[in-house]
Amino acid sequence: MWDDDPSSDAPRLSALNLNDNCVLIEINKNEIFIHPKTNFIKVYHLPDADDFQINRNWLENKNELISKGISNFPHSEQVNIVEPEKYFLTVFSEILDSNDIKLSADIIVTELTSENKIFIHERNRKLTEVLPNLNKNSDNLSAEMLLYAMGEKYFSKPSSAEKGLEVIKMFFDSLNLSFLDYRIVDGSGVSHYNLVTAEVMIKLLKFMYKQPLEIFNTFLNSLSISGIDGTLKNRMKDDLTFSRVFAKTGTLSGISCLSGYMQNKNDDMIAFSIFIQNFVGSSKQARDIQDKICEIIYSND
């Protein structure tokens, strides 16, 4: 959405990604540091402002960080950046330069031609390495990149979000899910144009449970565990459901969801999906309701 900038939850997409396509800003009174240290980002400090604020110049779509006012306490914040491929290449060139390796030309981003020489060091990672960060930490960029990876695997290069979404549609069709029950427009679920019913989520969870044990365990182990890790690390710590809920959270303004599996008191595996929406203010009340529902499921024979 137009007002997602400069949130780190809405990183720009690229085939070259660094630091989730964000920069970390650290401020201690008048001292400002950015990580990674790079000339790609311009920093402006306006200490005379009344209120302390950090922002990126998103109105002009520029990689300019603007700090206003003075923070009386150490403060850190992540913001997204524009043109992540140039960000990646600039930091890469600066690291080369610091090791006395000089580039003989300017950095450009263009299409490959037959005249280009291609130098590649490829490291393929298994899906089992990628999924935990995606699901446990609810990493939006990883989800969007996985969508592109699916498009590339099942269709031709270059990949696109549209090709990845077509793979999802084919999968949903194979499960006989009605297109009237869902609309998927991205990989991360951040878009408010996504629509899905709790029934669809339950059907997907049941489908995964019926897969060969190795596949199901890969999926199960990628989900957050209540009171242990990921987005559920600080939830259900002292409840009956501690370490018994394996689920994916979903949070937007006015929306809080929790879907996954849990073990009840008889150690039966229960698939569940809880959607709460159209509320105002903090999502804590919605999360507390979800946690209570999980307690009820745990106690139910």
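Note: the structure precedes this text.
Let us look at the structure shown here. Nothing here was measured: the structure is a model prediction, and the numbers come from that model.

**A short note on the overall build of the protein chain**
Then comes step 1: The helix and strand tally for the protein chain stands at seven helices and 12 strands.
Then comes step 2: Sequence-distant contacts in the protein chain: of pairs separated by 6 or more residues, those separated by 24 or more amount to 48%.
Then comes step 3: A total accessible area of about 19100 Å² is found for the protein chain, and carbon and sulfur atoms account for 53% of it.
Then comes step 4: Mean positive and mean negative side-chain charge positions of the protein chain (31 and 42 charges, respectively) differ by 4 Å.

**Considerations on the side chain of N194**
Then comes step 1: Looking at the element boundaries, N194 is found in the loop between β7 (182-183) and β8 (195-196).
Then comes step 2: Within polar-contact distance, the side chain of N194 engages the side chain of D186 at 2.9 Å.

**Overview of the environment of K37**
Then comes step 1: For K37, the position within the fold is in the loop between β2 (31-35) and β3 (42-46).
Then comes step 2: Among the residues examined, K37 registers a relative accessible area of 77% and is labelled exposed.
Then comes step 3: On a C-alpha basis, the gap between K37 and L24 in space is 9.5 Å, while along the polypeptide they are 13 residues apart.

**Focus on the packing of aromatic side chains**
Then comes step 1: Throughout the structure, instances matching the rule amount to seven aromatic pairs.
Then comes step 2: Its end group placed over the ring of Y154, K153 keeps NZ or CZ at 5.8 Å from the ring centre.

**Details of helix α5 (residues 198-209)**
Then comes step 1: For α5, with 12 residues, the first-to-last C-alpha span of 17 Å sits near the 16 Å given by 1.5 Å per residue.
Then comes step 2: Buried residues of α5: V200, L204, L205 and M208, and no others. The buried side chains of α5 occupy one side of the element, clustering within an arc of 135 degrees when seen end-on.

**Observations regarding a nonpolar patch on the surface**
Then comes step 1: A cluster of nonpolar residues, M1, V185 and Y193, forms a patch on the protein surface that exposes about 300 Å² of accessible area.
Then comes step 2: Following the sequence through the fold, M1 ends up in the segment before β1 (22-29).

**Some remarks on the pattern of salt bridges**
Then comes step 1: Taken as a whole, this structure holds nine salt bridges when the rule is applied.
Then comes step 2: Notably, a salt bridge pairs D5 with R12, separated by 2.6 Å at the nearest N-O pair.
Then comes step 3: Two residues, D267 and R244, come together in a salt bridge whose shortest N-O distance is 3.1 Å. Here D267, found in the loop between β11 (255-263) and β12 (269-277), pairs with R244, found in the loop between β9 (224-225) and β10 (245-252); they are 23 residues apart in sequence, far enough to count as distant.

**Some remarks on the packing of helix α3 (residues 140-154) against helix α4 (residues 161-174)**
Then comes step 1: For the pair α3 and α4, interaxial distance at closest approach is 7 Å and the crossing angle is 80 degrees. Accordingly, the angle class assigned to the pair α3 and α4 is roughly perpendicular. Facing α3, whose interface residues are L147, Y148, M150, G151 and Y154, α4 presents A161, K163, G164, L165, V167 and I168.
Then comes step 2: In terms of residue class, the contact of α3 with α4 is built from eight nonpolar, two polar and one charged.

**Concerning unusual backbone geometry**
Then comes step 1: H35 connects to P36 through a cis peptide bond whose omega is 0 degrees.
Then comes step 2: Along the chain, P36 turns up in the loop between β2 and β3.
Then comes step 3: Following K157, the chain continues to P158 via a peptide bond in cis, the omega torsion being -10 degrees.
Then comes step 4: With respect to the element layout, P158 can be found in the loop between α3 and α4.
Then comes step 5: We note that M236 has phi near 60 degrees; this positive angle belongs to a residue other than glycine.
Then comes step 6: Within the secondary structure, M236 is located in the loop between β9 and β10.

About the cut-offs
- Residues numbered from 1 in each chain as written.
- Predicted model: local features only at pLDDT ≥ 70, side-chain atom pairs only at ≥ 80, totals over all residues.
- Heavy atoms only, no water.
- Helix = DSSP H or I, 4+ residues; strand = E, 2+ residues; numbered from the N terminus.
- Contact = heavy atoms within 4.5 Å.
- Areas by Shrake-Rupley, 256 points an atom, 1.4 Å probe, with all protein chains shown as cover.
- Lys, Arg positive; Asp, Glu negative; His and termini not counted.
- Charge placed at Lys NZ, Arg CZ, Asp CG, Glu CD.
- Polar contact = N/O pair within 3.5 Å; in protein donor to acceptor, adjacent residues only side chain to side chain.
- Buried < 20%, exposed > 50% of the residue type's maximum accessible area, 1.4 Å probe, protein only.
- Phe/Tyr/Trp six-rings, centres within 6.5 Å; stacked < 30°, edge-to-face > 60°.
- Lys NZ or Arg CZ within 6 Å of the ring centre and 35° of its normal.
- Expected span 1.5 Å × (residues − 1).
- Arc of directions from axis to C-beta.
- Patch = residues over 30% accessible without salt bridge, like charges linked within 9 Å, V, L, I, M, F, W, Y side chains within 5 Å.
- Salt bridge = Lys/Arg side-chain N within 4 Å of Asp/Glu carboxyl O.
- Axes fitted to C-alpha atoms, helices over the stretch in contact; angles between N-to-C directions.
- Parallel < 35°, antiparallel > 145°, perpendicular 65-115°, else oblique.
- Nonpolar A, V, L, I, M, F, W, Y, C, P; charged D, E, K, R; others polar.

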